2 protein chains.
Amino acid sequence: MTSKPLHASQTLFPVADGCLQVGGIALPRLAQRVGSTPFYAYDRALLSARVAHVRRHLPQEIALHYSMKANPMPALVQHMAGLVDGIDVASGGELKVALDTGTDPSRISFAGPGKRGAELLQAVAAGACVHAESERELRALAQIRQETGIAPRLVLRINPDFELKGSGMRMGGGAKQFGIDAEDAPRVLGLAAELGLEVLGFHIFSGSQSLKAEAIIQAQAQTLELARRLAAASADPVRILNLGGGFGIPYFPGEQALDLAPIGAALAAALPQVREALPQARLSIELGRYLVGEAGVYVARVIERKVSRGQVFLVTDGGLHHHLAASGNFGQVIRKNYPVAIGNRMDQPAGTPVSVVGPLCTPLDLLADQMALPDAEAGDLVVVFQSGAYGRSASPQDFLSHPEAVEVLV
Amino acid sequence: MTSKPLHASQTLFPVADGCLQVGGIALPRLAQRVGSTPFYAYDRALLSARVAHVRRHLPQEIALHYSMKANPMPALVQHMAGLVDGIDVASGGELKVALDTGTDPSRISFAGPGKRGAELLQAVAAGACVHAESERELRALAQIRQETGIAPRLVLRINPDFELKGSGMRMGGGAKQFGIDAEDAPRVLGLAAELGLEVLGFHIFSGSQSLKAEAIIQAQAQTLELARRLAAASADPVRILNLGGGFGIPYFPGEQALDLAPIGAALAAALPQVREALPQARLSIELGRYLVGEAGVYVARVIERKVSRGQVFLVTDGGLHHHLAASGNFGQVIRKNYPVAIGNRMDQPAGTPVSVVGPLCTPLDLLADQMALPDAEAGDLVVVFQSGAYGRSASPQDFLSHPEAVEVLV
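Conventions we followed
Residues numbered from 1 in each chain as written. Chains lettered and ligands numbered in written order. Predicted model: local features only at pLDDT ≥ 70, side-chain atom pairs only at ≥ 80, totals over all residues. Heavy atoms only, no water. Contact = heavy atoms within 4.5 Å. Buried area = accessible area lost by both parts, 1.4 Å probe. Salt bridge = Lys/Arg side-chain N within 4 Å of Asp/Glu carboxyl O. Pairing = 2+ DSSP bridges. Helix = DSSP H or I, 4+ residues; strand = E, 2+ residues; numbered from the N terminus. Least-squares fit on C-alpha atoms with pLDDT ≥ 70 in both. Domains from an automatic or database assignment. Nonpolar A, V, L, I, M, F, W, Y, C, P; charged D, E, K, R; others polar. Core = buried A, V, L, I, M, F, W, Y, C linked by side-chain atoms within 4.5 Å. Buried < 20%, exposed > 50% of the residue type's maximum accessible area, 1.4 Å probe, protein only. Expected span 1.5 Å × (residues − 1). Arc of directions from axis to C-beta. Polar contact = N/O pair within 3.5 Å; in protein donor to acceptor, adjacent residues only side chain to side chain.

**Looking at the interface of chain B and chain A**
Right, so step 1: Each partner contributes to the interface: chain B provides 70 residues, whereas chain A provides 70 residues.
Right, so step 2: Here chain B and chain A share an interface that buries about 5,400 Å² over both sides, 58% of which is from carbon and sulfur atoms.
Right, so step 3: By the criterion of area lost to chain A, the three top residues of chain B are Q177, R309 and C361 of chain B, representing 15% of everything that side buries.
Right, so step 4: Our count for the contact surface shared by chain B and chain A stands at 6 salt bridges.
Right, so step 5: For E304 of chain B, the salt bridge goes to R136 of chain A, with nearest N and O atoms at 2.9 Å.

Now the structure itself:
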């Protein structure tokens, strides 16, 4: 058993009197304050600390954007807006939330395949950057310009000719629905010029959820190299260069936190050359999961402790319908446990291994499979860590018509 | 290529003038009537025909229940309520919808692990059958009886000591959060008597989504045998016996429709013995997916046809956020394509293989991977068949804040 890989230890949230503290509030009291379980709680101080951590490691001149698809809760986006240099949105719906924060629209960028005409118009009218993913979007923007007289703020999203190695999600390299193939970019740049559209720069996203600094360093070097090639093909100077994201967080046993120091050092070393090649470019990195994922917990209450054929189940009021990713049904090939704890028994030793399940009539509704947790009973609070990103919004809330999970920022 | 397994042919929805007809309406006109894409459309006539099909094959005295967790759209549940003998619900939220249809509450049954106190009270107050899954629920019901003076309609859900073989979802056999272990039932029956609770009968659910008649026949025989053993241990005569469901529908290449004839014949042959052993029992089968799954389609509009490195993508306005199961992220280990068509080009031959993707910024947003479909372009309507069950309600609607999918019953 000692050789079994373990979850990275969860030390961000302090413990006092055996209770996890979220936003400085003991979990049982926070549950009372929320008024119902299950809920998601996001910790403001941890969000701020994480942004500061990234800034400490990355060169100062690299702008930091929050990719709000990771967590679109309006209060959280508002908090992040006060900390970062821009917000990346993935739909007209997200654009509305980002604009409501008061963020300078020119620091809001809208990427995503298949943008509808109404969404493109929204973005142009707002003055947000549109990251065009295809020739069609360029033509639609030219049309909007003609109809409205507003010059779109246009960035080309590029499907690079490499990928972020070992990433959880490959989003570049090969044939993809995302962006304009790098080798096709010169032709599309020509088309933009023909359509009278100024191209402000490029967005090069090669992957996400990587825990390997070397892989990120390599992808960033390739990204900068590709940007230099693209700049050479562009009639307009590069003013915006979005290097993508890709910073992962540890979810599963054996995974370790990403070390930002070498990434920051490599970027700093590369900057003088970039400055020379792209003197007018504002460089940015977009992070979603990395900024918010570790600052959030999902909390469900144990309804009953049940034994079936010798196996112990903690049946809770929360489950897959609120937290699809923790159930293992969101892009995972092999189901693994998220880090889980009993939030009001943090000082107690592990007892009998238990499976934490939800109230749904399906065996998929599994939050923890045979985990060694302190012995819990009805009323106790199960905590799923690493739940600040791709949690509530990425889950089928309506499934089986149970109450929705409340979200709080504390 | 000829040896590759194919999807079962989709012949339920007629085709006229190259267009799929849903509810007797040509798809482009239906899209106009709905007013927006994407949408789910469920065909009333097909729902009715499917219920009639089941009734034709099963012995008349077996009641047919609709398990509404498969599709909780209120108008559809209302339609089903007029066709079936009862409705099975999985939450207090579903109970509300079932009651609103005017169904006799005694024909509504509520199963599911971890029922909250408020839900149990709702069900008792309504006069619905509560399928107790644990000793805790028995005690809670006794308490409610004491506080309200209302006698609960109590059925014990049993975790059988066997499972439905080859089923998509094993819900019985082994250690489970569902029901009372069969071998523990005598003790729990004793407890019910002690608490002064009458036990109306048993609910024995061994699995779902099976396409093998033999496996279902075997599970039903085991279920009836188990019911006889349970009856012998019960102080009360068995009035209700829910045999579960388990009837599957073909989703993926190579799968064939389930043949009900042998299942009906086996049940008919078993009935005389059951009548003798359980003379007062109302037998029922609960079906969700089997009744509604094939009667529904998901329809999304092509935003653009895009070529990346030689591969063709149809980027649509619909995707994973509306139809998680079709994207392969709902309990599937290996992603396979649902049957997909271009609903306004039904008479055209297959062209270049394409991947149908949605508007989300994730490679998981894939509705069809490299399928041979008629050459489609912007404005065309992509149809995902077999989408009447576990579609909209089982999907993360809020993911990336795109518009919701409308649902219509036509």
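Moving on, there is more to tell.
**Side note on the sheet that holds strand β2 (residues 19-22) of chain A**
Residues and elements named next belong to chain A.
Right, so step 1: With antiparallel pairing, 3 strands are arranged side by side in an open sheet as β1-β2-β3. Among the strands making up the open sheet, the edge pair consists of β1 (15-16) and β3 (25-26).
Right, so step 2: Across 2 bridges, the pairing between β2 and β3 is antiparallel. Looking across to β3, one finds that V22 is bridged to I25.

**Remarks on the relation of the copies chain B and chain A**
In this arrangement, two copies of a chain are superimposed by a rotation about an axis accompanied by a shift along the axis.
Right, so step 1: Of the two same-sequence chains, chain B is brought onto chain A (RMSD 0.0 Å, axial shift 0.0 Å) by a rotation of 180 degrees. Both copies of the chain, as the preceding transformation shows, are related through a two-fold rotation axis. Within chain B, P396 of chain B has its C-alpha nearest the rotation axis, a separation of 2.0 Å.

**With respect to the domain arrangement of chain A**
Residues and elements named next belong to chain A.
Right, so step 1: The domains assigned to chain A are domain 1 (15-42 + 294-409) and domain 2 (72-287).
Right, so step 2: Between the C-alpha centres of domain 1 and domain 2 there is a distance of 35 Å.
Right, so step 3: Carbon and sulfur atoms make up 72% of the surface buried where domain 1 meets domain 2, a total of about 1,000 Å² over both sides.
Right, so step 4: Between the two partners, domain 1 and domain 2, sit 0 salt bridges.
Right, so step 5: If one sorts the elements of the side of domain 1 that touches domain 2 by residue count, strand β22 (residues 406-409) sits on top with 3 residues.
Right, so step 6: Tallied by class, the residues present in the side of domain 1 that touches domain 2 amount to 5 nonpolar, 4 polar and 3 charged.

**Description of the environment of F178 of chain B**
Right, so step 1: Of note, F178 of chain B is situated in the loop between β10 (169-170) and β11 (180-181).
Right, so step 2: Residues F178 of chain B and Q397 of chain B, 219 residues apart in the sequence, show an inter-C-alpha distance of 28 Å.

**Some words on the nonpolar core**
Right, so step 1: If you look at the biggest cluster of nonpolar residues, it comprises 266 residues, and the most contacted ones within it are L156 of chain A together with L156 of chain B.
Right, so step 2: Once residues within four sequence positions are removed from consideration, L156 of chain A is found in contact with A132, L138, I180, V188, L189, V199, G201, F202 and H203 of chain A.

**Section: helix α2 (residues 44-57) of chain A**
Residues and elements named next belong to chain A.
Right, so step 1: In this model, α2 (14 residues) spans 20 Å end to end at C-alpha, consistent with the 20 Å of a helix rising 1.5 Å per residue.
Right, so step 2: The set of residues buried in α2 consists of L46, L47, R50, V51 and V54. With its buried residues spanning 140 degrees around the axis, α2 presents them on a single face. Of the exposed residues in α2, the ones pointing more than 90 degrees away from its buried face are A45 and R56.
Right, so step 3: Looking at the buried residues of α2, the elements they touch are β5 (63-67), α3 (74-81), α9 (260-277), β15 (282-287), α10 (289-292) and β22.
Right, so step 4: The opening residue of α2 is D43, an N-cap whose side-chain oxygen sits 3.0 Å from the backbone nitrogen of A45.

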